[in-house]
Amino acid sequence: MADYKWPAAENRSLIGKRISRLDGPLKSSGRAKYSFDVNRPGMLYGKMILSPYAHAKVTKIDTTAAEKMPGVKAVTLIWEVGKEVQWAGQEIAAVAAETEDQARDAARAIKVEYEVLPHLVTDATPQQAGADHSKQLSEQKTGDPDPAFAQAAATIEGTYGSPVITHCCLESHGQVTEWQGDQLTVWASTQAVSNLAGEYAPAMEIPAGNVHIITPVMGGGFGSKFNSDVWGFACARLSKKSGRAVKMLLERDHELMVAGARPSIYAKVKVAAKADGTLVAWKSESWGTAGPGSAGNPTLPYVFRPENRSSRHTAISTNIGPARAWRAPNHPQMALITMSALEDLAAAVPMDPLDFFLKNIELTGTLAKVYKEELLKAAELMDWKKKWHPRGQMVAGPIQRGLGLSLHTWGGGGHQSNCNCTIHPDGSVEVSLGSQDLGTGARTVIGIVAAETLGLPLEAVKVNIGDNHYPASGASGGSTTVGGVSSSTRRAANNALNELLAKVAPSLGGDAEQLEAVGGVIRVKGDTSKFLPWKQACAKLASTPITAAGQTSKDLISSGVGGVQMAEVSVDMETGVVRVEKMVAAQDCGLVINLKTAESQVYGAFIMGITYALHEEKIMDQQTGRCLNADMEFYKLAGLGDIGELVVHMMTGPGYDDRGVIGLGEPPVISPGAVISNAVANAIGVRVPTLPITPSKVLAALESKGAKA
Amino acid sequence: MEAFEYARPASGKEALELLGGSFADSEILAGGMDLISLMKNYVLSPKRLVNIKGISEFSGIRSTQQGLAIGATTTLQELIEHKTIAADYPGLHQAADAIPSPQIRNMATAGGNLCQRPRCWYFRNGFGLLARDAKGNPLVPGGDNRYHAIFGNDGPAYFVNGSSLAPALIALSAQARIFSANGWREVAVADFFRTPRNDNERENVLQPKEILGEIVIPSASKGLRTSTYEVREREALDWPLATASVALKMSGNKIEKASVVLGYVAPIPWQAKEAGDWLAGKTLNEETAAKAGEAAVQGAKPLSGNKYKVQLARVCVKRALLAAGRA
Ligand SMILES: Cc1cc2nc3c(=O)[nH]c(=O)nc-3n(C[C@H](O)[C@H](O)[C@H](O)COP(=O)(O)OP(=O)(O)OC[C@H]3O[C@@H](n4cnc5c(N)ncnc54)[C@H](O)[C@@H]3O)c2cc1C
C-alpha cells in the first residue's frame, strides 16, 4: 500500500519543483476561453441601466419604450419602485437584445425616476461623517497602555491609512446563461464553481441539480466573485424570457463602481518603546468605510502584540458603493497602519527598523522563528545593512533612496474539497474537482499532486476542474484552495493507486503492501527487477476503470504563514515622484507544491501592491455622489515600467515543508503598501500618512516637514 | 455609442462637403484615440464621422520654404521616427516619444493630438465641457480638482489641455494651417487654442467646417536648443501631470531669446512669457534655470487640490532649460 502522507524531500519528483502552468500556452496565445469569450448559437447581449444617484428612492421605472427598441428580446427589472438605492451604479433593470449596441441603446431608453436623497460619499472621519453615519465598535484592550506610555523612552503619534480601492478585475464580473427546458447553464466568472447552483436554484425555482456552472478559466476575482450577484439572476431571467442564451458582463465603469471595493481604514496611533527598542504600549482610534455595511473590527496592532494595547474602531456608513472581500480582508490596511507606526517609532528611538523588529520578534507569538529567519533572509537579499541609512539622511541632488520593511501573516488552511481520481485501463488518468483556477495555478498544483502520487509525469494526468458536475470543492477564498485541492487530490490519487496495486499484486509477487508507483512503473520496493510499466499495470483492470474519491485531509495541510517584505524606493524630492527600485519577499507557505507558481503568486502580489501603494484610489465626488475615475484612464494601475526589480524567496526545507500545505493567495499582497510607505519615509525623512503615495502627497509632506523645521 | 454615419472622403474638398454646420452634425475623425472613447461614453454623439486619414493633402512630412510641414494625419509614430525632427527639434521629438503605448502612437495623429478634448473627469463623465451641475454651478472648484488647471482658471473652464505636442510646437513658433471652403488660412499654434466661454464653443479656433490641415515649424536656425520635460506619476498609459517645452536661441552659453510653454496646467497650452522674457540675455545655468522656473509660476492660482502642480511646473521649466542647454 502506498502512503498518502507527503513524500520526503528526497522522494519528490515533481512537488516543490519549478513547473510551468498547464494552461500557460493556452492563455498566452489567447486560446483559453473565458466567460467573456463564450459565444452560444443565437446568443443575445444583456445590458443594465444604473442609478446615477448615490442615494435616492426609485419612484418610477418605465420600460415600455425600451421594449419596443430594435432587436430587444427581453426586459427584466432588478430594482423595485419605492426602494432606496444606496450607491451610484445600483442596477435598476436589464435588457437583452440581438447586438451589444442595441442592448445599450435599449437600456438607456428605460425611464427611471428618482426622489434624490442626501448622500455621503467622502472618506470622512467620524467627526465629519456625524453620528448618523458612525458606529463605534467595541474596544479591544489588553493590559493598560496609559501608564506604560508615561514610562516609555520614546513615544510617537501619527495618523495613517489607505482609501477605498476597487478590485478592478481584468475580466469584469458577469456570465453567459442558457436554458434548455428547466436546465440552466451558466458560464460564470466565479471563484465558487461548486456553490453557485445553490444560489441560482431558489432564485430560478429549479432544483440545484438543474444548474450547470462552467468556469474553465477566469480573469481575476481577488475576493469579489463569490456570488451569482443581481446581474447573474437578471441574466438568467433574460435568457428564460427570450428563450436564448444571453451574455452579460459588466462594462468597465460599472465594474469599478460596484463590483468590488476594499474598505478604507485610517487610524490615529500612539505607540511607545523603551530605550532599547522594546515595544511597550499601543493605542489606536481607527475608522473607515465599507460603503453602507461594515468590514468588521480590525485587529490593531497587526502581528505584534505588545503587553499593553488598546484599539477602537468606528465604522462609517457611506454611499461610496458596496465593499467586498479584497485579498486578505483588512490585513493590508492593518499592516500599513501598524508597520508605519512601528517604523516611525524605530526612527524616534532611534534604531534601524530591522534591529527594532528583530528586537521585538517574540511579540509576534508562534511565528517568531519564521519571521526571524525571513527577516534575515530578506535583509541579505536586499543588502539591507549596507544600503540602510537613518531616516532623513540625505545625499546630494534631488533623488533620495530609502528602505522599508513589513511583516504579515495569514491563515490559509484548506477548504472542503472532494476529488475523484480515475485510472483507465488504457493507463490514462483523470482527476476531477468542482474547483476553479483564478489564475493562481491551482490546476497545475492538482496535476502535480496527482502525477507525483501515481509516479507519472505531469502530462499523463488530465485535470478536470471548473465545472460543478465534478465533485464539490469549496470557493477560492481565504487562501484555502491549495490546501483543499492538494490534499483531496492526494487522497483520491492514493486511494486509486492502492486499488490498482491490489489488482496488479498477483503479477508482482502477490503482496500489494510491497508495491510502489515510481517513475512510470509499478515496482516491488527495493527490487528493481520486479516491475510493470504503468500501461501494462493498468491493462490488468480489464475493462472497468478505477474511480476513487478523496477529501480534504487536515493532516496534509496547515494554517498560519508568516512573511517579510522589504522595499527600496527612490523619490524625486522636487517632483514627489516615487519609483520602486526593488522589492524583496521572504515568504513561507508550508510545503510548496509548485515553486514557480508560488513565486508567481508573490510577483503578482508585488505588482498589485505597488499599484495600491502608489496609484489606486476610488475617487468620489461629494457634489454629484459619483465615482470620478470609473475608467482605466483615471483609475491608475501600474504598468511594466512602474515595477522595479522583484526578488522572491520562498522559505522551504525543514521547519517549513513538514508543516504541510498552506495557502499563499493572500499573504504576499499584505505588506507592499507598508514597505513602500516605510521606504518613502526613510528616503524623504517624513511620513506620507496615507496611500496612495502620489507626487501631490509627497510634496505636501515635504512642505509640512519644512514648515516644522 | 449612438449610431452614426461614416464617411471616408478622398480629398479635402470632399471632406468639407461632408462636414455639417455644427459639431453635433459631424466630427472629424483622425486616429480616433480620443473621439471614439468619448462617443462610447455618450459624451459626444455626432450624427456623422468624417474620416480624414485617407486624404493625401493632410498627410506626410515635407520640407517647404517656410520650414517643416507636418500633415495633420501624420501619426505620432511617424513623427517620432522622422530624422530631421529628432535632430533639429528634440523638444518636439521628446514630447511625442513620451506619449504612451505603441498602439496609441501608431493610430493617433498630430492633428488629433492638438484637437483632443480636455482631460477633465467631469467632462468625461458627462457633466459637460464646462463641468457644471444641474443648476449651472461649476463642479471643479468645489470638487476633486487634483488634475485641473492652475493657470487661466478663473472660469468658466477649469480643465487642462491634454496635448503634449502643443507646448513643444508653440515654443517653436509653429503655424497651424487650416483648410476651409475659403482655402487655407494660417494661425500661430499659440493662437489656435482658446478657452471656451460656453458649452458650444471648442477649445480651439476651428469652426465646424474647418480642418486643421498641417502644422509648419520654421526652419531650425543656428543656436536653436529645444527640450521638453514632463512629470508623470507612472510610466504606464497615462498623461503627464505637467510639462514644460522650451526653445532657446543660444549664443554660446548665453540665451538670446527664450520661449517657455507649459502643458497640462491650463485650459490652453500656457505660455510663460515672464520666464521667457526674463531669460533673454542670461547665461544658462542651474541658478538662472531655477529662477526662470520661479518666474514661470508667478501668476499660478491653484485650486483646492492641485497646489502640487505649481511645484511641478516650476521644476519642469528648470529641468527643460537645463536639458536644452546640455543638448
Ligand atoms: C491612455 C492614453 C494616454 C495618453 N497620453 C497622452 C500623452 O501623454 N500626451 C498626449 O499628448 N496625448 C496623450 N493621449 C492622447 C492621445 O495622444 C490623443 O488621444 C490622440 O493624439 C488623438 O489623436 P487622434 O488622431 O486619435 O484623434 P481623434 O480621436 O481622431 O480626434 C480627436 C479630436 O480632434 C479632432 N480632430 C482630429 N483631427 C483633426 C483635424 N485634422 N482637424 C480638426 N479636428 C481634428 C476630432 O474631431 C476630435 O474632436 C493619451 C491617450 C490615451 C488613451
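Residues numbered from 1 in each chain as written. Chains lettered and ligands numbered in written order. Predicted model: local features only at pLDDT ≥ 70, side-chain atom pairs only at ≥ 80, totals over all residues. Heavy atoms only, no water.

### Examining the pairing of strand β8 (residues 211-218) of chain B
Residues and elements named next belong to chain B.
Then, number 1: Judged by how many residues are buried, β8 sits mostly within the fold: seven of eight residues are covered.
Then, number 2: The sheet contact formed by strand β5 (residues 67-71) and β8 spans five bridges and is antiparallel. Its bridge partner being in β8, leucine 68 is matched across the sheet by isoleucine 217.
Then, number 3: Direction of pairing for strand β6 (residues 175-180) relative to β8: antiparallel, over a ladder of five bridges. Bridged to phenylalanine 179 within β8 is isoleucine 211. (Buried < 20%, exposed > 50% of the residue type's maximum accessible area, 1.4 Å probe, protein only. Helix = DSSP H or I, 4+ residues; strand = E, 2+ residues; numbered from the N terminus. Pairing = 2+ DSSP bridges.)

### Notes on the pattern of salt bridges
Then, number 1: With the rule as written, the count across this model stands at 59 salt bridges over all chains.
Then, number 2: Between glutamate 178 of chain A and arginine 40 of chain A there is a salt bridge; the shortest N-O distance is 3.1 Å. Of this pair, glutamate 178 of chain A sits in strand β11 (residues 174-180) while arginine 40 of chain A sits in the loop between α1 (24-28) and β1 (44-50), and the two are 138 residues apart along the sequence.
Then, number 3: Judged by its relative accessible area of 14%, glutamate 178 of chain A falls in the buried class.
Then, number 4: For arginine 40 of chain A, a relative accessible area of 31% gives the class partly exposed.
Then, number 5: When the shortest N-O distance is used, the salt bridge between arginine 177 of chain B and glutamate 214 of chain B registers 2.6 Å. With arginine 177 of chain B in strand β6 and glutamate 214 of chain B in strand β8, this pair connects stretches of sequence that are 37 residues apart. Take arginine 177 of chain B and glutamate 214 of chain B: they sit in the same class, and that class is buried. (Salt bridge = Lys/Arg side-chain N within 4 Å of Asp/Glu carboxyl O.)

### Topic: the interface of chain B and chain A
Interface extent is often summarised as the accessible area lost during association of the parts.
Then, number 1: Between chain B and chain A, the contact holds 33 residues from the first and 34 residues from the second.
Then, number 2: Summed over both partners, the interface of chain B with chain A buries about 2,900 Å², with 52% contributed by carbon and sulfur atoms.
Then, number 3: Counting the surface chain B buries against chain A, the share from its top three residues, Trp121, Glu233 and Arg234 of chain B, is 22%.
Then, number 4: Where chain B meets chain A, there are ten salt bridges.
Then, number 5: Close ionic contact of glutamate 233 of chain B with lysine 636 of chain A constitutes a salt bridge, the shortest N to O distance being 3.6 Å.
Then, number 6: For the interface between chain B and chain A, the tally reads 17 residue pairs in polar contact (both at pLDDT 80 or more).
Then, number 7: The biggest single contributor to the side of chain B that touches chain A is helix α13 (residues 308-326) of chain B, with six residues. (Contact = heavy atoms within 4.5 Å. Buried area = accessible area lost by both parts, 1.4 Å probe. Polar contact = N/O pair within 3.5 Å; in protein donor to acceptor, adjacent residues only side chain to side chain.)

### Regarding the sheet that holds β8 of chain B
Residue and element names in this part refer to chain B.
Then, number 1: Spatially, the five strands line up as an open sheet ordered β4-β5-β8-β6-β7, and their pairing is antiparallel. Strands at the two margins of the open sheet, each flanked by one partner only, are β4 (61-63) and β7 (183-188). On average, each strand axis in the sheet is tilted by 25° relative to the strand beside it, whichever way the strands run. (Axes fitted to C-alpha atoms, helices over the stretch in contact; angles between N-to-C directions.)

### Here we look at the site of the ligand
All names here are of chain B.
Then, number 1: Around the ligand, the surrounding shell holds 34 residues, and the nearest of these are Ile28, Gly31, Gly32, Thr109 and Ser164.
Then, number 2: In this structure, glutamate 27 approaches the ligand through a side-chain N or O atom, which is 3.4 Å from an oxygen atom.
Then, number 3: The contact in question runs from an oxygen atom of the ligand to an N or O atom on the backbone of cysteine 115, over 3.5 Å.
Then, number 4: Considering the ligand on its own, with 970 Å² of exposed area, one finds that the protein chains cover 94% of that surface.
Then, number 5: Sorting the residues of the shell around the ligand by element identifies β2 (26-29), α7 (110-115) and β8 as the ones contributing at least two each. (Near = heavy atom within 4 Å. Areas by Shrake-Rupley, 256 points an atom, 1.4 Å probe, with all protein chains shown as cover.)

### With respect to the domain arrangement of chain A
All names here are of chain A.
Then, number 1: Along its sequence, chain A is organised into domain 1 (9-14 + 415-556), domain 2 (35-117 + 172-218 + 225-258) and domain 3 (329-412 + 558-708).
Then, number 2: Its C-alpha centre places domain 1 at a distance of 40 Å from the equivalent point of domain 2.
Then, number 3: Contacts between the two partners involve 17 residues from domain 1 and, on the opposite side, 16 residues from domain 2.
Then, number 4: Carbon and sulfur atoms make up 47% of the area that domain 1 and domain 2 hide from each other, which totals about 1,200 Å².
Then, number 5: Here domain 1 and domain 2 share eleven residue pairs in polar contact (both at pLDDT 80 or more) between them.
Then, number 6: Tallied by class, the residues present in the side of domain 1 that touches domain 2 amount to four nonpolar, ten polar and three charged. (Domains from an automatic or database assignment. Nonpolar A, V, L, I, M, F, W, Y, C, P; charged D, E, K, R; others polar.)

### A look at the layout of surface pockets
Then, number 1: In this model, the second largest pocket occupies a volume close to 780 Å³.
Then, number 2: Taken together, 31 residues make up the lining of the second largest pocket; nearest its centre are Glu617, Ile619 and Lys697 of chain A together with Asp144 and Arg146 of chain B.
Then, number 3: For the lining of the second largest pocket, the secondary-structure elements that each account for two or more residues are β29 (620-621) and α18 (695-708) of chain A.
Then, number 4: Ranked by residues supplied to the lining of the second largest pocket, first place goes to α18 of chain A with three residues. (1 Å grid on protein atoms, 1.4 Å probe; cavity = no way out; pocket = protein on both sides within 12 Å on 5 of 7 lines; lining within 4 Å. Points joined across faces, edges and corners; volume = space filled by probe spheres on them.)

### Let's talk about empty space enclosed by the protein
Then, number 1: For the coordinates displayed, the defined rule picks out six cavities of 30 Å³ or more.
Then, number 2: Here the largest cavity defines a volume of roughly 130 Å³.
Then, number 3: Surrounding the largest cavity, Glu633, Phe634 and Lys636 of chain A together with Arg119, Tyr147, Val160, Asp238, Trp239, Pro240, Leu241, Tyr264 and Lys309 of chain B form its lining.
Then, number 4: Considering only residue class, the lining of the largest cavity consists of seven nonpolar, no polar and five charged.

### Quick notes on the domain arrangement of chain B
All names here are of chain B.
Then, number 1: Once the domains are mapped, chain B shows domain 1 (5-53) and domain 2 (56-115 + 173-218).
Then, number 2: The C-alpha centroid of domain 2 is placed 17 Å from the C-alpha centroid of domain 1.
Then, number 3: Each partner contributes residues to the interface: domain 1 has 20 residues there, and domain 2 has 20 residues.
Then, number 4: Regarding the contact of domain 1 and domain 2, the summed buried area is about 1,600 Å², with carbon and sulfur atoms giving 67% of it.
Then, number 5: When the buried area of domain 1 at its contact with domain 2 is split by residue, Leu16, Phe23 and Lys53 rank highest and sum to 37% of it.
Then, number 6: Joining domain 1 to domain 2, the criterion identifies one salt bridge.
Then, number 7: The salt bridge involving arginine 202 is made with glutamate 27; its shortest N-O contact spans 2.7 Å.
Then, number 8: Contributing elements (two or more residues each) for the side of domain 1 that touches domain 2: α1 (12-18) and β2.
Then, number 9: Counting residues per element, the side of domain 1 that touches domain 2 draws most heavily on α1, at five residues.

### Here we look at unusual backbone geometry
Residue and element names in this part refer to chain A.
Then, number 1: The residue after valine 349, namely proline 350, is reached through a cis peptide bond having omega -10°.
Then, number 2: Structurally, the position occupied by proline 350 is in the loop between α9 (331-348) and α10 (353-359).
Then, number 3: Phi at valine 303 is positive, roughly 70°, even though this residue is not glycine.
Then, number 4: Mapped onto the elements, valine 303 comes out in the loop between β17 (279-289) and β18 (308-316).

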